[in-house]
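What the coordinates show
Letter by letter, the chains look like this.
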Amino acid sequence: MISIGDADRIEQEGPYLQMTTAAADVRLAMYNDTTFRVQICRKGAPFRETSYACPQLPEPRRFDFSRKGDTLTAETPAMRLVIGTRPFRVRLEAPDGTVLSEDDPGLGTVWDGTEVTAYKTLQPGERFFGLGEKTGGLDKAGKQYRNWNTDAFGYGQSTDPLYVSCPFYMGLSHERPYGIFLNNAAETVFNFGAANDRFSFFSARRGEMDYFLFAGPEPEDILRDYTALTGRSPLPPLWSLGFQQCRYSYYPASEILRVAKTFREREIPADVLYFDIHYMQDYKVFTWHKDRFPDPKGLISELKELGFKTVVILDPGVKDEQGYEAFDEGSARDVFVKYPDGKPYRGAAWPGWCRFPDFTDPEVRAWWADSVAEMGESGIDGFWNDMNEPAVWGHFTPDILKFSLDGAGGNHKDAHNVYGMQMARATREGAEKALGGKRPFILTRATFSGGQRDSAVWTGDNYSDDTHMLLGARMVSGMGISGFPFAGNDVGGFTGDAGSALYKRWIAYAAFHPMMRAHSMINSKAAEPWSFGEECTEVARNYIRLRYRLLPHLYSLFYEASQNGMPPVRSLLFRYYSEWKVFSPDFENQFLLGDHLLICPVRSDAELAKVYLPEGRWYNFFNDTVFEGGQEHLVELQRDTIPVFAKAGGIIPEQNAVQHTDAPSDGLLRIHLYAGGSGRYTLYEDDGITAGGSSVRRTLSFDGRELTIGRAEGEFTSVRQRVRIYLHGARPEKAAVNDVAEKIIAEDFRFLDAISNFDPYENYPEAAKVIENLSYAEAGYGPEEIRISFD
């Protein structure tokens, strides 16, 4: 083992502070008041400027420091960096001196062969979150994880690694947040105090020790800085936020048409249908099966008339078969991965023996993009990348394979974790060509940090049981912490057979997830909403209708994600990290949709739910029962409900429930306000499909008695002509719009306990419970400022 040792040369080179030790070269850089980079290379090795995760880094600012003996100190308003030189050590502190992260004094950074490890002193009570798609609890303390993209079919509760690698985490040290991103795409390991009480560590099997420290001071600040480096998810097409239905597989053409028509006949909203691998001829990518789908363009056109967008699966393996166009063209253009001696690599996958494109080569990505664009001419709207870890039968890809790495050169050890990411990149580029200015939807199974720039992610081949259902909630929250805002899991489970009770509880919380897709495996029970009996159909219909009502809210949250990285689904870490109960195994499945809705997934057999409500006042979202926060509550459940709460001061925009996102709006924007607090909200609107098109934003602020809808900013003309304001938890005597008296309607809205009739604002069913303090007023929805006050 080789230790980094003492720094014997320290000098300023432009914006960088550089040092030399007996074993290594060190370069330090500061990008803003809260972001600091540490690069440590074996002596003589060059420093990397960019990476696949960080393709366009900003210019660092000058590194100013003071020196006292063997210690250098750099300070900003948000952090203090203390650099020891004998030996070289790094400590990150809050401005008041609270330690956020510090090197272990006796270990620091060390090498064992090509593996490099940074040891950090384990702080008392330190917690760890993130790392993307990981199993286990929300808090990773006491565990060790490995990043190596893996085809993990039917993975278990503690399986590691999975399909996605994301070497970024947030920590809580002395109740203060900080973040660390290891900017190395090789196989990495993160130990958060597993089997020891001295240190945490992160290591890379090869390459340099290159990491960023983020000082916050809040989790959202850390995520903002991290995604400023790795990129943010672009605003998706609105239709991709609708309900998505998949099956391995729908064929022939008549079967997928039957599914589409059944959705419409049963009045279950849906926007997306998938073609899994059986649409291909002999599983060959970029082909259609001649008998099952003789007229793809005509079929897709017919599905569009029914209001459906289509997504097709693409696998990276190209069948090794002369006369097959993709193989012949790929061979002619030399796109496939090779051994060091120049012989082509072949691996077995769905089509049989396959060749694999080198997606780390820009010319290969261009070839793939052209093939995607050509396939998109049939009218396909989205593309689904699967098997791109890369996965081959036998689960072993030789490490000696050569890869371009965009001219840098390397082998499979260097390329493995970015392979799926670069496939998604090429797929997106091809889809953009095909769609001519419309936003594409790309879904991938495997990716790496920064992959959020190109695709959404789903959590792979999950299983139909309660533990997987609840694990899925934590995994999507973990993806959000890690910079992936567009994520979801297969509702009902991909493997195994879901029952009615499980499906109802799963679809209930999935209605609030960034991506809502039902999917199931071949030779298993179908996962369409009507597959579990009429009662389940009714429950699913109404939860999906609720999702469509919430689309203005969800879409605005995706806009926020595109601007600052904050995910629509938020772990309670973001807002309530000082309330330690939110990390308890009893409550770690809970999540926020935005800042004002709290969703509590529960087991399928639960009749009572123990929930933790953070500080503040909370309303039962379905009946307005008020609960005080900062404490646990025991909530009685109907068999088809889950606990959902709205926070006092919350602002929740809604629309009418439509059958698909292209269906016309009724022109009425509904805004729900919850008395007892104050809040702010940015409402975003555009045409839902055009890349870079016009838009409109409005700031909504609520002070407890008055809602101000700010002046419209942007050129897009809203489809809303009127706005209806619902005030929950109060019974005012009068209302005014811009100081002009307005008729107020105060009613006791009645609805059944069963979720099949939970829609109090639309249908007014005749029985059971009463919402006693709910009033509303209406106004025109023009572009000028609108003020609605209640007295």
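Residues numbered from 1 in each chain as written. Predicted model: local features only at pLDDT ≥ 70, side-chain atom pairs only at ≥ 80, totals over all residues. Heavy atoms only, no water.

**Observations regarding the overall build of the chain**
Counting its regular elements, the chain contains 11 helices and 54 strands. The C-alpha atoms of the chain give a radius of gyration of 27 Å, which matches the 28 Å a tight globule of 791 residues would have. Taking the principal axes of the C-alpha coordinates as reference, the chain spans close to 80 × 70 × 50 Å. Here the chain, with 791 residues, has 65% of them falling under the buried criterion. (Helix = DSSP H or I, 4+ residues; strand = E, 2+ residues; numbered from the N terminus. Rg over C-alpha atoms; globule rule 2.2 N^0.38 Å. Buried < 20%, exposed > 50% of the residue type's maximum accessible area, 1.4 Å probe, protein only.)

**Overview of helix α7 (residues 466-481)**
Counted at 1.5 Å a residue, the expected span for α7 with its 16 residues is 22 Å, and the 23 Å between its end C-alpha atoms agrees. Positive phi appears at G483, one or two residues downstream of α7, with a value of about 95°. (Expected span 1.5 Å × (residues − 1).)

**Side note on the sheet that holds strand β22 (residues 272-275)**
Reading across from one edge, β33-β32-β30-β27-β23-β22-β21-β35-β34 is the order of the 9 strands in this open sheet, with parallel pairing throughout. Because the sheet does not close on itself, it has two edges, and the strands there are β33 (487-488) and β34 (490-491). Strand direction decides the pairing type here: strand β27 (residues 382-385) and strand β30 (residues 441-444), joined by 4 bridges, are parallel. Bridged to G382 within β30 is F441. Against the sheet, helix α2 (residues 253-265) makes contact with β21 (243-245) and β22, and its axis sits at roughly 165° relative to β22, the strand it touches most. Here helix α6 (residues 412-435) sits on the sheet and contacts β23 (309-314), β27 and β30; the angle it forms with β30, its principal contact strand, is near 165°. (Pairing = 2+ DSSP bridges. Contact = heavy atoms within 4.5 Å. Axes fitted to C-alpha atoms, helices over the stretch in contact; angles between N-to-C directions.)

**What about the packing of helix α8 (residues 500-510) against helix α9 (residues 534-549)?**
At a minimum axis distance of 9 Å, the contact between α8 and α9 shows a crossing angle of 5°. What the angle tells us is that α8 and α9 run roughly parallel. Seen from α8, the contacting residues are S500, Y503, K504, I507, A508 and A510; seen from α9, they are E535, C536, V539, A540, Y543, I544 and R547. Here the residues of the contact of α8 with α9 are counted per class, giving 9 nonpolar, 1 polar and 3 charged. (Parallel < 35°, antiparallel > 145°, perpendicular 65-115°, else oblique. Nonpolar A, V, L, I, M, F, W, Y, C, P; charged D, E, K, R; others polar.)

**Remarks on unusual backbone geometry**
Here the amide bond leading from D160 into P161 is cis, since omega sits at 0°, within 30 degrees of zero. Take P161: it is sitting in the loop between β14 (144-147) and β15 (164-165). The step from G216 to P217 runs through a cis peptide bond, and the omega angle for that step is 15°. On the secondary structure map, P217 appears in the loop between β20 (209-214) and α1 (219-230). With a phi close to 50°, D406 is a non-glycine residue in the positive phi region.

**Some details on the side chain of Q452**
Positionally, Q452 belongs in the loop between β31 (447-448) and β32 (456-458). A polar contact of 3.0 Å, which involves the side chain of Q452, links it to the side chain of T230. Ignoring sequence-local partners within four residues, the contact set of Q452 consists of T230, G231, R232, S233, P234, G483, F484 and P485. (Polar contact = N/O pair within 3.5 Å; in protein donor to acceptor, adjacent residues only side chain to side chain.)

**Notes on the layout of surface pockets**
Taken as a whole, the largest pocket spans an internal volume of roughly 890 Å³. For the lining of the largest pocket, the secondary-structure elements that each account for two or more residues are β5 (35-42) and α6. Here the residues of the lining of the largest pocket are counted per class, giving 13 nonpolar, 10 polar and 10 charged. In this structure, the second largest pocket encloses a volume near 660 Å³. In terms of lining residues, the second largest pocket is bounded by 35 residues, among which L238, T661, D662, D687 and G688 are the most central. Those elements that place two or more of their residues in the lining of the second largest pocket are α6, α10 (551-564) and β46 (679-686). Tallying contributions element by element places β46 first for the lining of the second largest pocket, with 4 residues. When the residues that make up the lining of the second largest pocket are grouped by side-chain class, the tally is 18 nonpolar, 7 polar and 10 charged. (1 Å grid on protein atoms, 1.4 Å probe; cavity = no way out; pocket = protein on both sides within 12 Å on 5 of 7 lines; lining within 4 Å. Points joined across faces, edges and corners; volume = space filled by probe spheres on them.)

**As for the sheet that holds strand β8 (residues 80-85)**
The strand order across the open sheet formed by 5 strands is β6-β7-β8-β9-β10, and the pairing between neighbours is antiparallel. Strands at the two margins of the open sheet, each flanked by one partner only, are β6 (66-68) and β10 (99-102). The average angle at which neighbouring strand axes cross in this sheet is 20°, direction not considered. With 6 bridges joining them, β8 and strand β9 (residues 88-93) adopt antiparallel strand pairing. Bridging from a neighbouring strand, G84 pairs with R89 of β9.

**Topic: the nonpolar core**
Nonpolar side chains in soluble globular proteins tend to end up buried together. Counting 203 residues, the largest nonpolar core has F243, Y279, L314, W368 and I671 as its most contacted members. Apart from the residues within four sequence positions on either side, W368 is in contact with V285, F286, L314, D315, P316, P357, F359, M423, A426 and T427. Core analysis: the second largest hydrophobic core is formed by 40 residues, W111, Y169, I180 and L182 among them. (Core = buried A, V, L, I, M, F, W, Y, C linked by side-chain atoms within 4.5 Å.)

**Some details on a negative patch on the surface**
Taken together, E325, D328, E374 and E377 make up a surface patch of like negative charges. As for its placement among the helices and strands, E377 is situated in the loop between α5 (362-376) and β27. (Patch = residues over 30% accessible without salt bridge, like charges linked within 9 Å, V, L, I, M, F, W, Y side chains within 5 Å. Areas by Shrake-Rupley, 256 points an atom, 1.4 Å probe, with all protein chains shown as cover. Salt bridge = Lys/Arg side-chain N within 4 Å of Asp/Glu carboxyl O. Lys, Arg positive; Asp, Glu negative; His and termini not counted. Charge placed at Lys NZ, Arg CZ, Asp CG, Glu CD.)

**Points about the packing of aromatic side chains**
Ring pairs (aromatic) are described by centroid distance and by the angle formed between their planes. Taken as a whole and judged by the stated rule, the model has 57 aromatic pairs. Ring geometry for Y169 and F192: centres 5.0 Å apart, planes at 70°, overall edge-to-face. With a gap of 23 residues between them, Y169 in strand β16 (residues 168-173) and F192 in the loop between β18 (188-191) and β19 (199-204) connect regions that are remote in the sequence. Across the pair, exposure class does not vary: Y169 and F192 are buried alike. Arranged with centres 5.2 Å apart and planes meeting at 90°, the rings of Y274 and W384 form a pair that is edge-to-face. Separated by 110 residues along the polypeptide, Y274 in strand β22 and W384 in strand β27 bring together distant segments of the chain. (Phe/Tyr/Trp six-rings, centres within 6.5 Å; stacked < 30°, edge-to-face > 60°.)

**Notes on empty space enclosed by the protein**
Tallying each qualifying case throughout the model produces 7 cavities of 30 Å³ or more. Its volume calculated, the largest cavity comes out at about 100 Å³. Lining the largest cavity are 14 residues, and of these P234, P236, R428, P440 and F486 sit closest to its centre. Taken together, the residues that form the lining of the largest cavity break down as 9 nonpolar, 3 polar and 2 charged. Here the second largest cavity is characterised by a volume of approximately 60 Å³. As for the second largest cavity, its lining consists of G130, G132, K134, G136, G137, L138, K140, L471, R474, M475 and G478. Per-element accounting of the lining of the second largest cavity gives the leading share, 4 residues, to α7. In the lining of the second largest cavity, the residues fall into 3 nonpolar, 5 polar and 3 charged.

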